[in-house]
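Fold and geometry: a report
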Amino acid sequence: SRDYRYLMDCYHVLGDHDKAIQYAKLHLKFGVDSIGLESHIYVSLINSMIFLNKPEADIRSCIKDAIGKFSDIPDFYAFMAGSFLREKNFSAAKEYLLDSLHIYRKNSECILQSSHYISMLTTVYTNLAEICRLDGENEQAYSYAELALYENKYNTEAFKEFYIHIKALEVETQENLLRKWYDESKNDLLFLKNAMEQLEINDLYFLYIKKLEEKYSVYS
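Summary of the structure given here. Source: prediction; values computed, not measured.

So, how was this worked out
Residues numbered from 1 in each chain as written. Predicted model: local features only at pLDDT ≥ 70, side-chain atom pairs only at ≥ 80, totals over all residues. Heavy atoms only, no water. Helix = DSSP H or I, 4+ residues; strand = E, 2+ residues; numbered from the N terminus. Expected span 1.5 Å × (residues − 1). Buried < 20%, exposed > 50% of the residue type's maximum accessible area, 1.4 Å probe, protein only. Contact = heavy atoms within 4.5 Å. 1 Å grid on protein atoms, 1.4 Å probe; cavity = no way out; pocket = protein on both sides within 12 Å on 5 of 7 lines; lining within 4 Å. Points joined across faces, edges and corners; volume = space filled by probe spheres on them. Nonpolar A, V, L, I, M, F, W, Y, C, P; charged D, E, K, R; others polar. Core = buried A, V, L, I, M, F, W, Y, C linked by side-chain atoms within 4.5 Å. Phe/Tyr/Trp six-rings, centres within 6.5 Å; stacked < 30°, edge-to-face > 60°.

1. A few points about helix α3 (residues 38–51)
- For α3, built from 14 residues, the straight-helix expectation of 20 Å at 1.5 Å per residue is met to within 8% by its first-to-last C-alpha distance of 21 Å.
- Across the 14 residues of α3, 10 count as buried, placing the element largely inside the fold.
- Summarising the contacts, the buried residues of α3 are in contact with α1 (3–14), α2 (17–30), α4 (56–69) and α5 (75–86).

2. Here's the deal with the side chain of Arg-60
- Looking at where Arg-60 falls in the secondary structure, it is placed in helix α4.
- Overall, Arg-60 belongs to the buried group, its relative accessible area being 18%.
- If sequence neighbours within four positions are ignored, Arg-60 has contacts with Met-80, Ser-83, Phe-84 and Glu-87.

3. Some thoughts on the layout of surface pockets
- Each pocket or cavity is described by its volume, and for the largest pocket that value is around 250 Å³.
- Looking at the largest pocket, it is lined by 15 residues, and the ones nearest its centre are Ala-78, Phe-79, Gly-82, Met-120 and Thr-123.
- Listing elements by their share of the lining of the largest pocket, those giving two or more residues are α3, α5 and α7 (117–134).
- Broken down by element, the lining of the largest pocket gets its largest block of residues, 6 residues, from α5.
- Split into classes, the residues belonging to the lining of the largest pocket amount to 9 nonpolar, 5 polar and 1 charged.
- In this structure, the second largest pocket is lined by Thr-122, Thr-123, Thr-126, Asn-127, Glu-130, Arg-133, Asn-155, Glu-157, Lys-160, Glu-161 and Ile-164.
- Elements with a minimum of two residues in the lining of the second largest pocket: α7 and α9 (156–164).

4. Here we look at the nonpolar core
- One finds Phe-76, Phe-159, Leu-178 and Met-196 to be the most contacted residues of the largest nonpolar core, which totals 65 residues.
- Per element, the largest residue contribution to this core is 9 residues, and it comes from α7.
- Ignoring anything within four residues of it in the chain, the contact list for Phe-159 reads Leu-149, Leu-178, Tyr-182, Phe-191, Leu-192, Ala-195, Met-196, Leu-199 and Ile-201.

5. Digging into the packing of aromatic side chains
- Inspection of every chain in the model, using the stated rule, returns 19 aromatic pairs.
- Geometrically, the ring pair formed by Tyr-154 and Phe-191 is tilted, given 5.5 Å between the ring centres and 55° between the ring planes. Placement of Tyr-154 in the loop between α8 (138–151) and α9 and of Phe-191 in helix α11 (residues 186–199) is noted, with a sequence separation of 37 residues between them.
- Among the residues examined, Tyr-154 registers a relative accessible area of 37% and is labelled partly exposed.

Written out as structure tokens, the structure reads:
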């Protein structure tokens, strides 16, 4: 039935992920084609399975099917990396993260199916930064952390991964490095204040809350 996809979307929006999975599988079982949106069925199915903490083997089986059908869409390689990350299998996760970037750079201008990979880029780079850092590849880790911030400087995880590399430096040096992304606008200062509160950063934190007080009368 052509209604299965719409029912899947409705239940997904309502947060009934069991029903969303049910109708996604029915849609795939009966082979009803949704031109240009078929990959969306798999994205919703995988997201619902992740939300319900389904076994990783089952999630990977579904992702593998999606990659088999849509090998030119980077999203599914990133999903596979996420599955391995949840199991702390960093080497496998790194391989799929790099695959996802390769597919994205190769096909970004000609992907016909629905793709949300651009919204995943910050997380992809942040995960690569963490994996490289854990492997002792600090220079590569630093580069990926920078790329993550270029994609979204207001992502706390990306900021955290970058800050790990500069936290041993003098406060003035830290501030100078952060100027590559952050100025003294209210939004930037508020983000830095909140991120540093979460990360329990002290000396640099006091510098930024002083700026907030002086420029914008925002008191902590």
